[in-house]
Amino acid sequence: MRHSTFKTALTDRTARHFIGVLFAATLLAVLCNQLFPADSALHVSSYTITLMGKYLCYALLALALDLVWGYCGILSLGHGAFFALGGYAMGMYLMRQIGDRGVYGNPTLPDFMVFLNWKELPWYWHGVDHFWFAALLILLVPGLLAFVFGWLAFRSRVTGVYLSIITQALTYALMLAFFRNELGFGGNNGLTDFKDLLGFSLQADSTRVGLLIASAVALAVAFVLCRWITGSKLGRVVLAVRDAESRARFVGYRTEHYKLWVFTVSAILAGIAGALYVPQVGIINPGEFSPLNSIELVVWVAVGGRATLYGAVIGAIVVNYGKTVFTGLMPEAWLFALGGLFVLVTVFMPQGLTGVVQQNWPKLKARLSRNTDQETSNDCA
Amino acid sequence: MTALDSLRETFRRDQVFDFMRQGTRPVLPGQVDAGKNILYLEDITVSFDGFKALNDLTLYIKTGELRCIIGPNGAGKSTMMDVITGKTRPDSGTCFFGQTLDLTRMSETDIATAGIGRKFQKPTVFPEHTAFENLELAMNAPKGAWHSLFSQLSGEQRDWIEQTLATVGLLDDRDKVAGLLSHGQKQWLEIGMVLMQKPQLLLVDEPIAGMTRQEVERTGELLKSLAGEHSVVVVEHDMEFIRSIASTVTVLHQGSVLAEGTMQQVQNDPKVIEVYLGE
Ligand SMILES: Nc1ncnc2c1ncn2[C@@H]1O[C@H](COP(=O)(O)OP(=O)(O)O)[C@@H](O)[C@H]1O
Ligand SMILES: [Mg+2]
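Residues numbered from 1 in each chain as written. Chains lettered and ligands numbered in written order. Predicted model: local features only at pLDDT ≥ 70, side-chain atom pairs only at ≥ 80, totals over all residues. Heavy atoms only, no water.

- Under an unreviewed UniProt entry, the name given to chain B is Branched-chain amino acid ABC transporter ATP-binding protein, and the source organism is Alcanivorax hongdengensis A-11-3.

- As recorded in an unreviewed UniProt entry, chain A goes by the name Branched-chain amino acid ABC transporter permease, listed as coming from Alcanivorax hongdengensis A-11-3.
- In the Subcellular location (unreviewed entry) part of its UniProt record, chain A is described as follows: "Cell inner membrane". (UniProt positions renumbered as here; feature names shortened; annotations may be inferred.)

### A look at the sheet that holds strand β6 (residues 116-119) of chain B
Residues and elements named next belong to chain B.
At step 1: Overall, mixed pairing links the six strands, which are arranged β6-β7-β8-β3-β9-β10 in an open sheet. A strand with exactly one partner marks an edge of an open sheet, and here the two such strands are β6 and β10 (256-261). Each strand of the sheet is rotated relative to its neighbour by a mean of 20°, with strand direction disregarded.
At step 2: Two elements, β6 and strand β7 (residues 201-205), share four bridges in a ladder whose sense is parallel. Bridge pairing in β7 links glycine 117 to leucine 202.
At step 3: The sheet contacts of helix α8 (residues 183-196) involve β6 and β7, and relative to β6 the element is tilted by about 175°.
At step 4: Where helix α9 (residues 213-226) meets the sheet, its contacts fall on β3 (66-70), β7 and β8 (231-235), and the angle it forms with β8 comes to roughly 145°. (Pairing = 2+ DSSP bridges. Helix = DSSP H or I, 4+ residues; strand = E, 2+ residues; numbered from the N terminus. Axes fitted to C-alpha atoms, helices over the stretch in contact; angles between N-to-C directions. Contact = heavy atoms within 4.5 Å.)

### Overview of the coordination of the magnesium ion (ligand 2)
Residue and element names in this part refer to chain B.
At step 1: Those protein atoms acting as donors to the magnesium ion (ligand 2) are Ser78 (OG) and Gln121 (OE1), and they sit at 2.1 Å. Of this pair, serine 78 sits in helix α3 (residues 77-84) while glutamine 121 sits in the loop between β6 and α5 (131-138), and the two are 43 residues apart along the sequence.
At step 2: According to the relative accessible area criterion, serine 78 is partly exposed, its value standing at 23%.
At step 3: Overall, glutamine 121 belongs to the partly exposed group, its relative accessible area being 35%. (Donors = N, O, S within 2.8 Å, 3.2 Å for Na, K, Ca; no water. Buried < 20%, exposed > 50% of the residue type's maximum accessible area, 1.4 Å probe, protein only.)

### A short note on the packing of helix α3 (residues 46-71) of chain A against helix α8 (residues 205-231) of chain A
Residue and element names in this part refer to chain A.
At step 1: Relative orientation of the contacting elements α3 and α8 amounts to 15°, with a least axis distance of 9 Å. One element, α3, and the other, α8, form an angle in the roughly parallel class. Between α3 and α8 the crossing geometry is left-handed.
At step 2: Considering only residue class, the contact of α3 with α8 consists of 18 nonpolar, five polar and two charged. (Parallel < 35°, antiparallel > 145°, perpendicular 65-115°, else oblique. Left-handed = near helix turned anticlockwise from the far one by under 90°. Nonpolar A, V, L, I, M, F, W, Y, C, P; charged D, E, K, R; others polar.)

### Here we look at the confidence of the model for chain B
At step 1: The share of residues in chain B with pLDDT of 70 or more is 87%, and the mean pLDDT across the chain is 85.
At step 2: Confidence over residues 16-27 of chain B falls short of pLDDT 50; this stretch has 15 contacts with residues more than four positions distant or in other chains. (pLDDT = per-residue confidence, 0-100.)

### Description of the nonpolar core
At step 1: One finds Leu63(A), Trp125(A), Leu191(A), Leu219(A), Leu234(A), Phe289(A) and Leu189(B) to be the most contacted residues of the largest nonpolar core, which totals 168 residues.
At step 2: When residues in this core are grouped by element, the largest group, 17 residues, is from α3(A).
At step 3: Ignoring anything within four residues of it in the chain, the contact list for Leu63(A) reads Leu219(A), Ala222(A), Phe223(A), Cys226(A), Leu309(A), Ala312(A) and Val313(A).
At step 4: Ranked by size, the runner-up nonpolar core spans 28 residues in total, among them Leu57(B), Ile61(B), Ile84(B) and Leu201(B). (Core = buried A, V, L, I, M, F, W, Y, C linked by side-chain atoms within 4.5 Å.)

### Examining the UniProt feature "transmembrane region" (unreviewed entry) in chain A
All names here are of chain A.
At step 1: UniProt records the feature "transmembrane region" (unreviewed entry) for residues 47-69, 76-95, 131-154, 161-179, 209-229, 258-277, 297-321 and 333-353 in the present numbering.
At step 2: Overall, residues 131-154 shows 100% helix and 0% strand. The separation of its end C-alpha atoms is 34 Å.
At step 3: For residues 258-277, the helix share is 100%, the strand share is 0%, and the end-to-end C-alpha distance is 29 Å.

### Some words on the pairing of strand β2 (residues 51-62) of chain B
Residue and element names in this part refer to chain B.
At step 1: Of the strand pairs in this sheet, strand β1 (residues 37-48) and β2 are connected by eight bridges, and their pairing is antiparallel. Counted as the bridge partner of asparagine 37 is lysine 62 from β2.
At step 2: The antiparallel hairpin formed by β1 and β2 contains two residues in its connecting segment, where aspartate 49 sits at a positive phi of about 50°.

### Let's talk about the site of ligand 1
Residues and elements named next belong to chain B.
At step 1: Around ligand 1, a shell composed of Phe48, Phe51, Ala53, Asn73, Gly74, Ala75, Gly76, Lys77, Ser78 and Thr79 is seen.
At step 2: A distance of 3.0 Å separates an oxygen atom of ligand 1 from a polar atom in the backbone of glycine 76.
At step 3: In the environment of ligand 1, an oxygen atom lies 2.8 Å from a nitrogen or oxygen atom belonging to the backbone of lysine 77.
At step 4: For ligand 1, whose accessible area on its own is 560 Å², the fraction buried by protein is 60%.
At step 5: Listing elements by their share of the shell around ligand 1, those giving two or more residues are β2 and α3.
At step 6: Considering each element in turn, the shell around ligand 1 owes the most residues, three residues, to α3.
At step 7: Classifying every residue of the shell around ligand 1 gives four nonpolar, five polar and one charged. (Near = heavy atom within 4 Å. Polar contact = N/O pair within 3.5 Å; in protein donor to acceptor, adjacent residues only side chain to side chain. Areas by Shrake-Rupley, 256 points an atom, 1.4 Å probe, with all protein chains shown as cover.)

### Section: helix α7 (residues 155-167) of chain B
Helical geometry note: an α-helix holds 3.6 residues per turn, so side chains three or four residues apart project in the same direction.
Residue and element names in this part refer to chain B.
At step 1: The terminal C-alpha atoms of α7, which comprises 13 residues, lie 18 Å apart, in line with the 18 Å expected from a rise of 1.5 Å per residue.
At step 2: On its buried face, α7 sits against α5 and α8.
At step 3: Directly after α7, the chain includes glycine 169, whose backbone phi takes a positive value near 70°. (Expected span 1.5 Å × (residues − 1).)

### Some words on the interface of chain A and chain B
At step 1: Counting residues at the interface gives 27 residues for chain A and 39 residues for chain B.
At step 2: Summing the contributions of chain A and of chain B, the shared interface buries around 3000 Å²; its carbon and sulfur component is 60%.
At step 3: Taken as a group, Lys233(A), Arg247(A) and Phe250(A) account for 28% of the area that chain A buries against chain B, more than any other trio of residues on that side.
At step 4: For the pair chain A and chain B, the interface holds six salt bridges.
At step 5: One salt bridge connects Arg157(A) with Glu108(B), and the closest N-O pair in it is separated by 2.9 Å.
At step 6: Secondary structure elements with two or more residues in the side of chain A that touches chain B: α8, α9 (233-243), α10 (245-251) and α11 (255-281) of chain A.
At step 7: When residues in the side of chain A that touches chain B are grouped by element, the largest group, eight residues, is from α9(A). (Buried area = accessible area lost by both parts, 1.4 Å probe. Salt bridge = Lys/Arg side-chain N within 4 Å of Asp/Glu carboxyl O.)

Below, the structure written as structure tokens:
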């Protein structure tokens, strides 16, 4: 049994292993990118660095979903919306950084606004040229939306499939809204042609490396935070709400407050993931709100295994690596593969990859130790 | 009492001006103002699709008493508990906890916090938590989300949990996941959870289902020992068990009270013999 504080969450074994592997992989990639020349066999290309960074953002998003789905039993099919909102907030900042380097050379108005014949900046675009303000929006916008949405939904005791459907409707509605030019976020083209972030050129290798490291750090911090939450009494209440919500109420917990708390924290993490993602891929458009994205996200977590945290991270990386390889071979079949994967996992591996490993771990361990025993007895003989 | 205190007492709004009481809202949230009776159910009617599960039920529970409720299946015993705990809202009637808490207007959570603990007919524990954690979660302690994030068990709280584990005979299984406990053990764990809430009123729905003889005896002892300090309402089928914890018995039939009195009186009541004992 864990009775976590932030400090114990930081130093417990799972967190140490997780952070160790994460930083080792990141460091290795960065060193191979920086130290070896491009024609060396050991060279890691900038493309790969960015790809890794992207995967880590997905992993952070999956972690956020695991917190609400795996631990609290809220199957959100709209978590992509929080990711996209964080992304848009970052995109607005990057847009303002372009300044007069855009196609139309307008010092304040982004290109798409000039194109639409807008004369001045809409009120909600003010302030985002300051990074601190954009950072605040990255946290506040997804957090606030989740808070309001969750407050309405959980207070009315919307649960199960109904909740899943309205979260899906939420992201769909946002997608339709962001497609409109009048909304002032670049319509279907979204925000793109970014130049630099905090003064660093987004085209530079060093910036890409920096973004990868930032993504790894964000993932590590989020992981420790989630370990803390799930190991605390709050985490135990949340699990109780998942397994027997009405019992939790009769014991005296306002279960809707707990759900709201977790949902909001999760949305903020998703927003941070989106914000780190956008400068690495160089674009954010309404497609990120697509319901399909949120569903894919659910598949990552299901594949990796729910309610373990690292399972979600592993699932996100494995499925997305698979997607990268697969879409290179036959892009049109990806959706079928994804659907098939989901069915397979649901039917044959309800606990996901980590569940399979955990179940077989004692056997594996026994076999390993038997082998070593034999070796030692051989040595003796 | 100093003169100042008595002056203040004289000017307490809630006592001086009745209209300041804001209808039937609690005077002090969560504070039970129990006199002779702790629970008042009056003219409660609950219908499901026209079928009256409770029909003008009127029932009072005295402070500190151990009351047994019996009645054939479908008599409305569990539904009555649903009404008291806020799970079901009555179509009509009033339901007061103490003098001032109108249970029909309070949420399940508020009712639990005010001091009513319930063991369900079907044992409901948190299946993925250990026995210890189940009791920790049920513990009478601040229940806010932020508070829970930072809360750590104190030594006293740990002792208290262990004491309760011992009371319900689960000390050896403290680290066992509740879902893996036997049916009888789950019943006990749930009773333990109710105890951890430090309620003033315990509602215990069919506590001995799935228990062995010895376990039944211990449960009887436990319930008897709780009365006095707590008020206890036990719903049971098992006549022998009821007799063993001998107390006031209320017979429910078709959603209303058929008879009330000692076991002796009730057993000799012709109406009761006809509908229940006679079958
Ligand atoms: N949620 C419900 N919907 C419809 N009928 C119900 C519901 N709950 C209870 N009932 C009916 O009300 C009657 C009383 O049930 P209950 O209170 O569980 O009886 P018991 O005295 O056996 O505990 C039964 O006939 C039952 O079928
Ligand atoms: Mg019943």
